[in-house]
Amino acid sequence: MFGARCLLRALRSCSSAPCPRHKPSAKLSVRDALRAQDASGERVKVQGWVRSVRSQKEVLFLHVNDGSSLESLQVVADSNCDSRELAFGSSVEVQGQLVKSPSKKQNVELKAEKIEVVGNCDPKDFPFKYKERPTLEYLRQFPHLRCRTNVLGSILRVRSEATAAIHSFFKDSGFVHIHTPIITSNDCEGAGELFQVEPPSKGKVPEENFFNVPAFLTVSGQLHLEVMSGAFTQVFTFGPTFRAENSQSRRHLAEFYMVEAEISFIESLQDLMQVMEGLFKSAAAAVLSTCPEDVALCHRVVAPGQKIRTYAKKQLFNWGADLHTEHEKYLVKHCGDIPVFVVNYPLALKPFYMRDNEDGPQHTVAAVDLLVPGVGELFGGSLREERYHFLEQRLARSGLTEAYQWYLDLRRFGSVPHGGFGMGFERYLQCILGIDNIKDVIPFPRFTHSCLL
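Here is what the cut-offs are and how they apply
- Sequence order sets the numbering: in each chain, residues are counted from 1 along the sequence as written.
- Reporting in this predicted model follows two pLDDT cut-offs: at least 70 for local features of residues, and 80 or more for side-chain atom pairs to be given and counted; totals over whole chains, interfaces and linings ignore these cut-offs and use all residues.
- Based on all heavy atoms of the structure, the side-chain values leave hydrogens and waters out of the count.
- To sort residues, take the accessible area from a 1.4 Å probe on protein chains only and compare it with the maximum for the residue type: under 20% means buried, over 50% means exposed, and anything in between is partly exposed.
- Think of it this way: any DSSP run of H or I at least four residues long counts as a helix, any run of E at least two long counts as a strand, and we number them from the N terminus.
- Picture the helix axis, draw a direction to every C-beta atom, and the arc is the one those directions span.
- Pairs of residues are marked as contacts when any of their non-hydrogen atoms sit within 4.5 Å.
- Residues with no salt bridge and a relative accessible area higher than 30% make up the patches, which join like charges within 9 Å and nonpolar side chains (Val, Leu, Ile, Met, Phe, Trp, Tyr) within 5 Å.
- Residue-level accessible areas treat just the shown protein chains as cover; the underlying method is Shrake-Rupley with a 1.4 Å probe.
- A carboxyl oxygen of Asp or Glu within 4 Å of a side-chain nitrogen of Lys or Arg is what we treat as a salt bridge.
- Note on aromatic pairs: the rings of Phe, Tyr and Trp (six-membered ring only in Trp) are paired at centre separations within 6.5 Å, and the planes decide the class, stacked below 30 degrees, edge-to-face beyond 60, tilted for the rest.

**Here's the deal with helix α9 (residues 388-398)**
So, point 1. Within α9, the full set of buried residues consists of Leu391, Arg394 and Leu395. For α9, the arc enclosing every buried residue in end-on projection is 95°, short of the 170-degree limit, so these residues lie on one face. Residues of α9 that are exposed and point more than 90 degrees away from the buried face comprise His389 and Arg397.
So, point 2. Of the surrounding secondary structure, the elements contacted by the buried residues of α9 are β14 (364-372) and α10 (405-412).
So, point 3. One or two residues past the end of α9 sits glycine 399, with phi positive at roughly 70°.

This is how it looks when you write it as structure tokens:
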């Protein structure tokens, strides 16, 4: 405690100390340079990568990008500048004056006084060529380089903004952020497609587990959120989850990100659906507001005709077998290519924790999925079974009573009606950007037979 107080005092004294005032050239990001209101010859420094080089008799034009925006900054240099090492893909530091551009295509340009090539790039060996537009499938071969292309840059900026928007939605709504564990002894989904966690077997006693129990990479943070919902009325988590599905389809990854929330004192699916809808709308609106050019590029280049439509809610009841992807997409199309809620699934199809509707021969649970165009299921949620005896019977029928005794304890000590949902983050990005393959909306895709880098 004493050490923490000393540290805080030191930080306060550091923050109040005057900073030295020597500023030869203000360092600007490309985005800030392009947004500059006063382009009256201020000396600035910009660092980034060359996207194009064009030489005329008296003038050399460069376009430099640093990943902060889709648009590059035009750099104008004297033709006497040594341009031998200035090539597509090379990294540079440019110092000069930010001036108003005579061209209608951009507001400002950088009149270079000094250009330093920080890192060379041989255009003959570089796998991407100037003015070429490689397919997303081709780019997947180069996970270490594909982020340098316009389309992947746009996707990753949208991913960053969407992440911030999701956190902002939950914070503004009063949720507490919980860091749920990646290593767990629970199988939330009951699907059995888990990665088991064990150290190398060298020196290990046979049949001995590192944690004394079998441990796995998590498929969901839901059960841990339910623990926390006994102390906080609204909680969420946002992190990586893992599933050992032997699939290379466009819909599956072995490592993906989930947004999950749990809400206490909630008694109707309608209330839960309102939160799901609010999250979807809020995050989409924020993305459209903060990076419209990036979204437009994806719609123009990757998915022509894709639009984010306004959202009308419909409820459908499907009875019988479970829904598969083709059924989900059909329902969305049948309802006018808009997001659609499907509620109240047969009890036999769903996990033990979903609340029994006690509705006679149909015997459903209070579950809800949100289906969206092009993707199918995006959200999945339910009211949780808070009644001790109902849950005890479900666990007993599944032979899980001993393993989930702690879960029963949550119902013994101050149980409340509660519910929650999960949203696949990569599927959300596919939905708003119109990206067909889930492997293209995550920086480093992991799937069966592929773990590059």
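**As for unusual backbone geometry**
So, point 1. Unlike most non-glycine residues, asparagine 212 shows phi in positive territory, near 70°.
So, point 2. Judged by its relative accessible area of 67%, asparagine 212 is exposed.
So, point 3. The phi torsion at asparagine 344 lies on the positive side, around 60°, for a residue other than glycine.
So, point 4. Turning to its location among the elements, asparagine 344 is positioned in strand β13 (residues 340-346).
So, point 5. Assessed through its relative accessible area of 24%, asparagine 344 is described here as partly exposed.

**As for a nonpolar patch on the surface**
So, point 1. Where nonpolar side chains cluster on the molecular surface, the patch consists of Ile182, Ile183, Phe210, Phe211 and Val213 and spans about 450 Å² of accessible area.
So, point 2. Relative to the helices and strands, valine 213 is located in the loop between β8 (183-184) and β9 (216-217).
So, point 3. Under the relative-accessibility criterion, valine 213 is labelled partly exposed at 39%.

**Concerning the packing of aromatic side chains**
So, point 1. Under the counting rule described, the total for this entry stands at 20 aromatic pairs.
So, point 2. Between phenylalanine 88 and phenylalanine 126 the ring centres are 5.8 Å apart and the planes differ by 65°, which places this aromatic pair in the edge-to-face class. Of the two residues, phenylalanine 88 sits in the loop between β4 (73-78) and β5 (91-100) while phenylalanine 126 sits in the loop between β6 (108-119) and α3 (136-139), which places them 38 residues apart along the sequence. Across this residue pair, the class does not change: phenylalanine 88 and phenylalanine 126 are buried.
So, point 3. On the numbers, 6.0 Å between centres and 90° between planes, the contact of phenylalanine 280 with tyrosine 428 is edge-to-face. Residue phenylalanine 280 is located in helix α6 (residues 269-290), and its partner tyrosine 428 is located in helix α11 (residues 425-433); the two are separated by 148 residues in the primary sequence. Each of the two residues, phenylalanine 280 as well as tyrosine 428, counts as buried.
So, point 4. Site record: aromatic cluster; members linked through ring pairs are Phe88, Phe126, Phe128, Tyr130, Tyr138 and Phe142.

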